[in-house]
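# Inside the fold
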Number of protein chains: 2
Amino acid sequence: MSQDPRDRTPELPVTSYALLGLLTFGDELTGYELKQRADNTLRFYWVAPAMSQIYTELGRLTEHGYVEPVTTQGGARRTTSYRITAAGSTALRAWIDESRVGFPTLKHTVLLRLLIGHASEPDRMRAILEDYVAELAGALRDLRDVRDSLRGADGPGEPFHYPSVVADWGLDYFAAETRHTRRALARLADVAP
Amino acid sequence: MSQDPRDRTPELPVTSYALLGLLTFGDELTGYELKQRADNTLRFYWVAPAMSQIYTELGRLTEHGYVEPVTTQGGARRTTSYRITAAGSTALRAWIDESRVGFPTLKHTVLLRLLIGHASEPDRMRAILEDYVAELAGALRDLRDVRDSLRGADGPGEPFHYPSVVADWGLDYFAAETRHTRRALARLADVAP
DNA sequence: ACAGCCATGTAACTCGTTACATGATTAC
DNA sequence: GTAATCATGTAACGAGTTACATGGCTGT
């Protein structure tokens, strides 16, 4: 087994490449800023890494020469921004082109509970589903803001084209999820109206 | 902080409750069988835990008295099945009713790459999306089989009612995901036909 | 003055994975 | 007889979390 060259363990964890990817949009970012970007976009499709992990990954990326720290002494305060290097771009490209993509993983806290709904009461299940609808509305709002912030540079060939395709996908995703939840609610209503 | 009683760390990891939940459908299962069930249904909405983890969780659940091992000596071979206890049912119910549900987590290997698509070539992105459509078709097939296997006991009040609601949700989910992928493909085609 | 944000890091810990190890039973 | 499946576990490790610790800057 393991003859497929794409089976070899990649040098870096995926989250490392995700953060590296966030540095390909032209600006140098501090760990703190990277966290904000991740919370803005990455959290919908990947994770919102803890601050501590961001610094860990930045250390790792630096060791590999994929990013370069740019330290600024602003008075008594030192901040370090990171810039992607040529080696970093190459590595990222290689990762996109050669790593095994695999199937997306869903940890659906709501569906997991619904699956064993018979272990509780229909009322509880309905409450969970209704809460979920409300949270989905929040996610939709947040993502819509992100999507709107991309306008102006979201055409084909423009810097935010791919992010805008992804954001629209995300909007469709949450809209679909809302429908699926409503549908489940309707079916539970059939049981006990 | 942490005044909300639901913020207290739950006694068990979620996967433990997930496996416990699989034992509420009436039968005693071995670790091996539990793995098969998990691969069948749980994998779509939660995870497909490794064998080794299943045994770990079963040990944990046994320690807590939430499951009872039933050892069978079948000739030279010993197998251990597990049965949920009354304490286990109570704990599961408490978990469903009181634990914080949170928002589902998506680790979308495809969208992550698409987000930074500008770091590679449109052709690569298209290939990734097309592969994904194919894999979705496979998932749909598998899930449809599962769903069909529930027929006969999937009405309101029947044992497999909740699982069937969840399975139908999953089918809708993958169908929607297929549409979203196609939509993204169409938008990439606008760039370079 | 004080809260809230900006900014960086370390330590302990847990979940979950892969690799390794072993052996019985069943189907061909 | 031998391959696949059934069955159970241990060990090493890695990714990612929470908790802890520190301190500068900004707005009111």
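Parameters at a glance
Residues numbered from 1 in each chain as written. Chains lettered and ligands numbered in written order. Predicted model: local features only at pLDDT ≥ 70, side-chain atom pairs only at ≥ 80, totals over all residues. Heavy atoms only, no water. Least-squares fit on C-alpha atoms with pLDDT ≥ 70 in both. Contact = heavy atoms within 4.5 Å. Buried area = accessible area lost by both parts, 1.4 Å probe. Salt bridge = Lys/Arg side-chain N within 4 Å of Asp/Glu carboxyl O. Polar contact = N/O pair within 3.5 Å; in protein donor to acceptor, adjacent residues only side chain to side chain. Helix = DSSP H or I, 4+ residues; strand = E, 2+ residues; numbered from the N terminus. Nonpolar A, V, L, I, M, F, W, Y, C, P; charged D, E, K, R; others polar. Pairing = 2+ DSSP bridges. Domains from an automatic or database assignment.

Expressed as a screw operation, the relation of chain B to chain A combines 0.0 Å of axial shift with a rotation of 180°, fitting to an RMSD of 0.0 Å. Taken together, the turn and the small shift mark the pair as related by a two-fold rotation axis. Minimal C-alpha distance to the rotation axis in chain B is attained by B:Leu106, lying at 2.4 Å. Most of the interface of chain B is mirrored in chain A, where 100% of its interface residues again form contacts.

A separate point is the interface of chain B and chain A. Contacts between the two partners involve 71 residues from chain B and, on the opposite side, 71 residues from chain A. Its largest share of buried area at the contact with chain A, chain B owes to B:Leu115, B:Tyr162 and B:Trp169, together 12% of the area lost on that side. Where chain B meets chain A, there are six salt bridges. There are 27 residue pairs in polar contact (both at pLDDT 80 or more) connecting chain B and chain A. Counting only elements with at least two residues in the side of chain B that touches chain A, the list comes to helix H1 (14-22), helix H2 (31-45), helix H4 (86-98), strand S4 (105-107), helix H5 (109-115), helix H6 (122-149) and helix H7 (161-191) of chain B. In terms of residue count, H7(B) provides more of the side of chain B that touches chain A than any other element does, 21 residues in total. Classifying every residue of the side of chain B that touches chain A gives 41 nonpolar, 14 polar and 16 charged. Examined bridge by bridge, strand S4 (residues 105-107) of chain A and S4(B) share three bridges and lie antiparallel to one another. By the bridge assignment, A:Leu106 is partnered in S4(B) with B:Leu106.

Residue and element names in this part refer to chain A. Structurally, chain A comprises domain 1 (7-98) and domain 2 (109-191). On a C-alpha basis, the centroid separation for the pair domain 1 and domain 2 is 28 Å. On the side of domain 2, eleven residues touch domain 1, which itself brings six residues to the contact. Carbon and sulfur atoms make up 76% of the area that domain 1 and domain 2 hide from each other, which totals about 580 Å². Together, Phe25, Phe44 and Tyr45 form the three largest contributors to the area buried by domain 1 at its contact with domain 2, with a combined 76%. Inspection of the domain 1/domain 2 interface yields one salt bridge. Salt-bridge contacts for Asp142 lead to Arg43; the nearest nitrogen and oxygen are separated by 3.2 Å. Across the domain 1-domain 2 interface, the total number found is two residue pairs in polar contact (both at pLDDT 80 or more). Classifying every residue of the side of domain 1 that touches domain 2 gives three nonpolar, two polar and one charged.

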